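Residue strings, one per chain:
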Number of protein chains: 2
Amino acid sequence: MSKRLTRPDLYIVPPPKPTPLVCETLVAEDETGAEKEVFIVNEKPLTVFLNAREVVTAMTIGDHPEWLALGFLANQAMLEADNPVTAVDFDDELGVVVVRTEHPTNFEAAMQKRVRTSGCAQGTVFADVMDHFETRSLEGNATAITTAELSALTAAINTTPSLYLEAGAIHGTVLCTSSKPLVFMEDVGRHNAVDKVAGWMHQTGTTGADKMLYTTGRLTSEMVIKTVMMGIPILVSRSGFTASGVQLARQAGLTLIGRARGERYLAMAHPHRLIRTSASQVA
Amino acid sequence: MSKRLTRPDLYIVPPPKPTPLVCETLVAEDETGAEKEVFIVNEKPLTVFLNAREVVTAMTIGDHPEWLALGFLANQAMLEADNPVTAVDFDDELGVVVVRTEHPTNFEAAMQKRVRTSGCAQGTVFADVMDHFETRSLEGNATAITTAELSALTAAINTTPSLYLEAGAIHGTVLCTSSKPLVFMEDVGRHNAVDKVAGWMHQTGTTGADKMLYTTGRLTSEMVIKTVMMGIPILVSRSGFTASGVQLARQAGLTLIGRARGERYLAMAHPHRLIRTSASQVA
C-alpha cells in the first residue's frame, strides 16, 4: 500500500523524468529512414478485486495501482461508508490489486445473485452506478472560481513536467483548489487518471466539495459521472464534450467547462460557478 | 439490420451534416458571456448480446449498431467460422443488439462455466482474446504502400466531411486500399469506430489482407489486437502509441505507423511495408 499521505496540501506530480516503471525507450524509423529513440508509456493489465470478487481489468501505465483500484471502486459506488477498507494489497507479478473491506459489500452479494440469473451483468452494474448518480446533486454547492484563477491554474498545469510532455499518448487529471493544483495523475485512459485522483481522495479523506477537477480528456458521460460521485462541483477540460456528458452535468448541478485554452472556454452547464474577472473579459 | 452492401468498393462516409441520430445542438456560454450554439455528438449505452448471453455495454454515438455489435464480437474472437451469424436484431428503444448464430458458441459455453467458478470473468475474457491473438501472424503478408500513397490517403481522409470536423470530441477509423478509402466510421471511443469497420467487413465478407487501417486515435494494445484480429497488415495513426501497442505489433508482424501528419511519421514496427517514395524523401 502506498505511504499514507499526511500533507494533502502537497502538489503531487508525475515523476520528473520518464521512469522504467511507466515508460520505455524504443527505436522508431522516421520518414527519412533514420532511426530515432522515442519515449513510450506502458500499458499493462491491472485486475481489481473487491474482497474475493473480480471486478474489472483496466489497462494502465502502472503507477499508483492502489489508488486506481480504490478510486475505481469508490466511483462505481461499490465501497460503503459504514464498511471501511481494511487493506489494499497489490501483487506486481500477477497485476492484481485486492481491496478488502471489514464486511462483505452489497455489491458482492448483488453480483453473486446476478451472475446466477443474468450472466456477466455488465449492463446491470452500469445501471447501479446510474442509480447512485441520480441521488447525487451538486445544485446547492456554493464553490466558485474566477476566470483569472482558471487561466492561472491551467497555465500551471500545462507547464508541470509530465509524461504527456515527454511521451504523449496519455491523459492527465488534476485535482485543484481555486488557487492551486493538489494532485496530478496521468494514465493511458482518462478514466484511470480520474480514478487515481479519487483513490487518493479516499485514502487521505479529502472531500471534493470545495475543489475543481481538470482533465485533458473529453467530457463524456463517464467523466461527468465520476466527478459527481467524487462530489466535485466544477469539471474543466481543454477538450470537447459529448451530448450525454452535458445532459448529465446539467442534471446533477455540475459546472462543466470544455475547450478551455488560454482565456477561452465554453461553459456547457451551470456557468454560475465561473466568475468572469480576467483582463480580457474586463476589457 | 442494415441493408446488405453489394458494392464493397463504395467509400462509406459519415453523414454529410450532423444528424439528430448522432448529434444534438446545445447552447453554451463562452468566455465573453455570450450564448453560442454548439454541435455535440451523442453517447448512449448499447448492450450487445450473443444469443442469450449479455456480453458488453458500449457507449456509442448510435449509428450502425449492428456493425458495432458484429465487429466487437468478431474482434473478441467470439464468432466462429463454422457457426454462421443468422440474424442481427437491434432494438432502438432498449438500446440492445442481439447477434444470433446457428448453434450456441464456444464463448457462451465457456462463460456459463466461468461465471459459476470465478465471477464476472472479465480477466478471463481478456486472456481468451490474447490466446487468439498469439495464433495470428501477419509476418508473411506482402502488402505494401508507398509514402506518397499514404500522404494522399491521409489528405483524402482529413478533408472528408465528418462529425469530427463538425463537432469534435470523436474518433474516426478508415479502412483503405493503397489507393483509396473504403469505409469511414466514427464514434466517441476509437475502439467502437474500429469495431464498426470490422462489422462491415464481416457482413460484406471483405478480407483485411490487402488493406490498411487508419485511425485518429492512439495506438494502444487494444487497437493493435483488433487490427490483427481483422487480418489487416498496416495500421496508421496521426496520434501516438503505447509501449505494449508497439510490442504487440512487433510480435504479430503488423506495420505500425504513428504520428503520421503530412509527410512525417514514425514507423514503430515492421516498417518494410511502407516504401519511401514521396517527393520530400527523394529530394
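S.K.: Before we go on, may I ask you to explain the overall build of chain A in this structure?
M.R.: Looking only at helices and strands, chain A features 9 helices and 14 strands. Put simply, chain A has 283 residues, and 59% of those count as buried. At a minimum sequence separation of 6, the contacts of chain A that also span at least 24 residues come to 54%. Within the structure as shown, chain A displays about 11400 Å² of accessible surface, and the carbon and sulfur contribution to it stands at 54%.

S.K.: Whenever I open this one, the packing of helix H1 (residues 65-75) of chain A against helix H6 (residues 190-204) of chain A confuses me. Can you help?
M.R.: Between two packed helices, both the angle of their axes relative to each other and the distance between the axes serve to describe the pair. All names here are of chain A. Here H1 crosses H6 at 90 degrees, and the two axes come no closer than 6 Å. Classified by the angle between their axes, H1 and H6 sit roughly perpendicular to one another. Contacts from Trp-67, Leu-68, Leu-70, Gly-71, Phe-72, Ala-74 and Asn-75 of H1 reach H6 at Asn-192, Val-194, Asp-195, Lys-196, Ala-198, Gly-199, Trp-200, His-202 and Gln-203. A breakdown of the residues in the contact of H1 with H6 according to their chemical character gives 8 nonpolar, 6 polar and 2 charged.

S.K.: Is there a simple way to explain the pattern of salt bridges in this structure?
M.R.: Two side chains bearing opposite charge may form a pair once their charged atoms approach each other closely. Scanning the model with the defined rule gives 14 salt bridges over all chains in all. Among the ionic pairs, Lys196(A) bridges to Asp187(A), the shortest N-O distance being 2.8 Å. A salt bridge links Glu31(B) to Arg264(A); the shortest N-O distance between them is 3.4 Å. Here Glu31(B), found in the loop between strand S1 (23-30) and strand S2 (35-41), pairs with Arg264(A), found in strand S13 (residues 264-269), and the two come from separate chains.

S.K.: Mind showing me how you'd approach unusual backbone geometry here?
M.R.: With glycine set apart, most residues show a phi of negative sign, and most peptide bonds adopt trans. Residues and elements named next belong to chain B. Phi at Ala-77 is positive, roughly 60 degrees, even though this residue is not glycine. Tracing the backbone shows Ala-77 in the loop between helix H1 (65-75) and strand S5 (85-91). Judged by relative accessible area, Ala-77 falls into the buried class, the value being 17%. The backbone of Arg-259 shows a phi angle near 45 degrees, a positive value even though the residue is not glycine. Mapping Arg-259 onto the fold places it in strand S12 (residues 255-261).

S.K.: Would you take a moment to explain the sheet that holds strand S1 (residues 23-30) of chain A for this structure?
M.R.: Whenever strands of a sheet pair, they do so through backbone hydrogen bonds, lying parallel or antiparallel. The sheet built from 8 strands is open, its strands ordered S2(A)-S1(A)-S13(B)-S12(B)-S11(B)-S10(B)-S8(B)-S9(B) with mixed pairing. Both outer strands of the open sheet, strand S2 (35-41) of chain A together with strand S9 (181-187) of chain B, are each paired with one neighbouring strand and no more. Within this sheet the neighbouring strands show an average axis-to-axis angle of 30 degrees, counted without direction. In this structure, strand S10 (residues 212-215) of chain B lies alongside strand S11 (residues 234-237) of chain B, joined through 4 bridges in parallel fashion. Looking at S11(B), one finds that Tyr214(B) is bridged to Val236(B). Lying on the sheet, helix H4 (residues 147-158) of chain B is in contact with strand S8 (171-176), S9, S10, S11 and strand S13 (264-269) of chain B; it crosses S10(B) at an angle near 45 degrees.

S.K.: What should I look at first to understand the side chain of Thr177(B) in this one?
M.R.: Position of Thr177(B) relative to the elements: it lies in the loop between S8 and S9. Discounting chain neighbours no more than four positions away, the residues touching Thr177(B) are Leu153(B), Leu182(B), Asp210(B) and Lys211(B).

S.K.: How should I be thinking about the relation of the copies chain A and chain B in this particular structure?
M.R.: Relating one copy of the chain to the other requires a rotation about an axis plus a shift along that axis. Once turned by 180 degrees and shifted 0.0 Å along the axis, chain A lies on chain B with an RMSD of 0.0 Å. Considering both components of the superposition, the chain copies are consistent with a two-fold axis. In this assembly the copies share their binding face: 100% of the residues contributing to the interface of chain A also contribute to that of chain B.

S.K.: Help me understand the interface of chain A and chain B, please; the structure alone is not making it clear to me.
M.R.: Think of interface size as the accessible area that goes away when the parts come together; that is how it is often given. Contacts between the two partners involve 59 residues from chain A, matched on the other side by 59 residues from chain B. For the pair chain A and chain B, the two sides together bury roughly 4700 Å², of which 53% comes from carbon and sulfur. The largest per-residue losses of area from chain A upon contact with chain B belong to Glu31(A), Glu43(A) and Arg218(A), which jointly make up 14% of the total buried on that side. Along the contact surface separating chain A from chain B lie 4 salt bridges.

S.K.: What should I look at first to understand the packing of helix H7 (residues 221-229) of chain A against helix H8 (residues 243-252) of chain A in this one?
M.R.: Residues and elements named next belong to chain A. Interhelical geometry of H7 versus H8 gives an angle of 25 degrees and a closest axis separation of 7 Å. Taken together, the axis directions place H7 and H8 in an arrangement best described as roughly parallel. By crossing handedness, the relation of H7 to H8 is classed as right-handed. In contact with Ser-221, Val-224, Ile-225 and Val-228 of H7, H8 contributes Ser-244, Gly-245, Leu-248, Ala-249 and Ala-252. In terms of residue class, the contact of H7 with H8 is made up of 6 nonpolar, 3 polar and no charged.

S.K.: What am I meant to see in the side chain of Glu186(A) here?
M.R.: All names here are of chain A. Along the polypeptide, Glu-186 turns up in strand S9 (residues 181-187). One buried charged residue, Glu-186, forms no salt bridge at all, with the nearest opposite charge on Arg-238 at 7.8 Å. There is a polar contact of 2.8 Å between the side chain of Glu-186 and the backbone nitrogen of Leu-163. Among the polar contacts made by the side chain of Glu-186, one reaches the main-chain amide nitrogen of Tyr-164 at a distance of 3.0 Å. Setting aside residues no more than four positions away along its own chain, Glu-186 makes contact with Pro-14, Ile-61, Asp-63, Ser-162, Leu-163, Tyr-164, Ile-170, His-171, Gly-172, Ala-193 and Lys-196.

Rules used throughout
- Residues numbered from 1 in each chain as written.
- Chains lettered and ligands numbered in written order.
- Predicted model: local features only at pLDDT ≥ 70, side-chain atom pairs only at ≥ 80, totals over all residues.
- Heavy atoms only, no water.
- Helix = DSSP H or I, 4+ residues; strand = E, 2+ residues; numbered from the N terminus.
- Buried < 20%, exposed > 50% of the residue type's maximum accessible area, 1.4 Å probe, protein only.
- Contact = heavy atoms within 4.5 Å.
- Areas by Shrake-Rupley, 256 points an atom, 1.4 Å probe, with all protein chains shown as cover.
- Axes fitted to C-alpha atoms, helices over the stretch in contact; angles between N-to-C directions.
- Parallel < 35°, antiparallel > 145°, perpendicular 65-115°, else oblique.
- Nonpolar A, V, L, I, M, F, W, Y, C, P; charged D, E, K, R; others polar.
- Salt bridge = Lys/Arg side-chain N within 4 Å of Asp/Glu carboxyl O.
- Pairing = 2+ DSSP bridges.
- Least-squares fit on C-alpha atoms with pLDDT ≥ 70 in both.
- Buried area = accessible area lost by both parts, 1.4 Å probe.
- Left-handed = near helix turned anticlockwise from the far one by under 90°.
- Lys, Arg positive; Asp, Glu negative; His and termini not counted.
- Polar contact = N/O pair within 3.5 Å; in protein donor to acceptor, adjacent residues only side chain to side chain.

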